[in-house]
Amino acid sequence: MSHFSTLRTKITDAEILKASLRDLGITVKTDADVRGYNGQRVRSDIVAVLEGEYDLGWSRNTDGSFDLVADLWGVAKKHNQTELINSINQKYAVNKTLAEVKRPGLQNANVKLVLQK
């Protein structure tokens, strides 16, 4: 029986996800195995290598979005999984917004970014 869970996300940009993970000090692998319970592994497009024996992974869907794949019970043994996933999502949202603002035609736009906890 697999211990891996798959959660739908709103993440669509692989490069911004990888940069966001690195910004948070997390080692990133591509096309790698996500480590789970008792040595179980599942292949993902992007893997956040976490301290301990468990990782987070993201697998691309046909619509371009990514699903989060992880043994959440195992991740929770060493990390506050809610805080960890929220911090990744928040960093991704900030980096995605900053990237969009830099697109042609938006150079002179005024942007006010408000982060709430």
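Residues numbered from 1 in each chain as written. Predicted model: local features only at pLDDT ≥ 70, side-chain atom pairs only at ≥ 80, totals over all residues. Heavy atoms only, no water.

Participant: I tried to follow the sheet that holds strand β5 (residues 66–70) on my own but got confused; where do I start?
Facilitator: Ordered in space as β1-β5-β4-β3-β2, the five strands form an open sheet in which the pairing is antiparallel. The strands lining the two open edges of the sheet, one partner per strand, are β1 (5–8) and β2 (27–35). Between one strand and the next, the sheet's axes are offset by a mean angle of 40°, whatever the strand orientation. With five bridges connecting them, strand β4 (residues 56–60) and β5 associate as antiparallel partners. By the bridge assignment for β5, W58 is matched with L68. (Pairing = 2+ DSSP bridges. Helix = DSSP H or I, 4+ residues; strand = E, 2+ residues; numbered from the N terminus. Axes fitted to C-alpha atoms, helices over the stretch in contact; angles between N-to-C directions.)

Participant: Mind showing me how you'd approach helix α1 (residues 14–23) here?
Facilitator: Of all the residues in α1, the buried ones are A14, I16, L17, K18, S20 and L21. Against β2, β3 (41–49), β4, β5 and α3 (81–101) lie the buried residues of α1. Of the residues flanking the start of α1, the one acting as N-cap is D13, its side-chain oxygen 3.1 Å from the backbone nitrogen of E15. (Buried < 20%, exposed > 50% of the residue type's maximum accessible area, 1.4 Å probe, protein only. Contact = heavy atoms within 4.5 Å. Polar contact = N/O pair within 3.5 Å; in protein donor to acceptor, adjacent residues only side chain to side chain.)

Participant: Whenever I open this one, the nonpolar core confuses me. Can you help?
Facilitator: Formed by 22 residues in total, the largest nonpolar core has its most connected members in L17, L21, I46, L56, W58 and I88. Every residue in contact with L17, bar those within four places of it in the chain, is listed here: I11, I46, W58, I88 and Y92. Judged by nonpolar contacts, the second largest core, of five residues, contains F4, A32, V47 and V69. (Core = buried A, V, L, I, M, F, W, Y, C linked by side-chain atoms within 4.5 Å.)

Participant: Would you mind showing me how to read the pattern of salt bridges here?
Facilitator: Where charged atoms from two side chains of opposite charge come close, those side chains can pair. Counted under the stated rule, the structure contains eight salt bridges. Of the charged contacts in the structure, one is a salt bridge between D13 and K96, with a shortest N-O distance of 3.7 Å. Of this pair, D13 sits in the loop between β1 and α1 while K96 sits in helix α3, and the two are 83 residues apart along the sequence. Between R43 and D31 there is a salt bridge, with its nearest N and O atoms 3.4 Å apart. Placement of R43 in strand β3 and of D31 in strand β2 is noted, with a sequence separation of 12 residues between them. Residue class for R43 comes out partly exposed when judged on its relative accessible area of 48%. Linked through salt bridges whose partners overlap, the residues forming this network are R8, D63 and D67. (Salt bridge = Lys/Arg side-chain N within 4 Å of Asp/Glu carboxyl O.)

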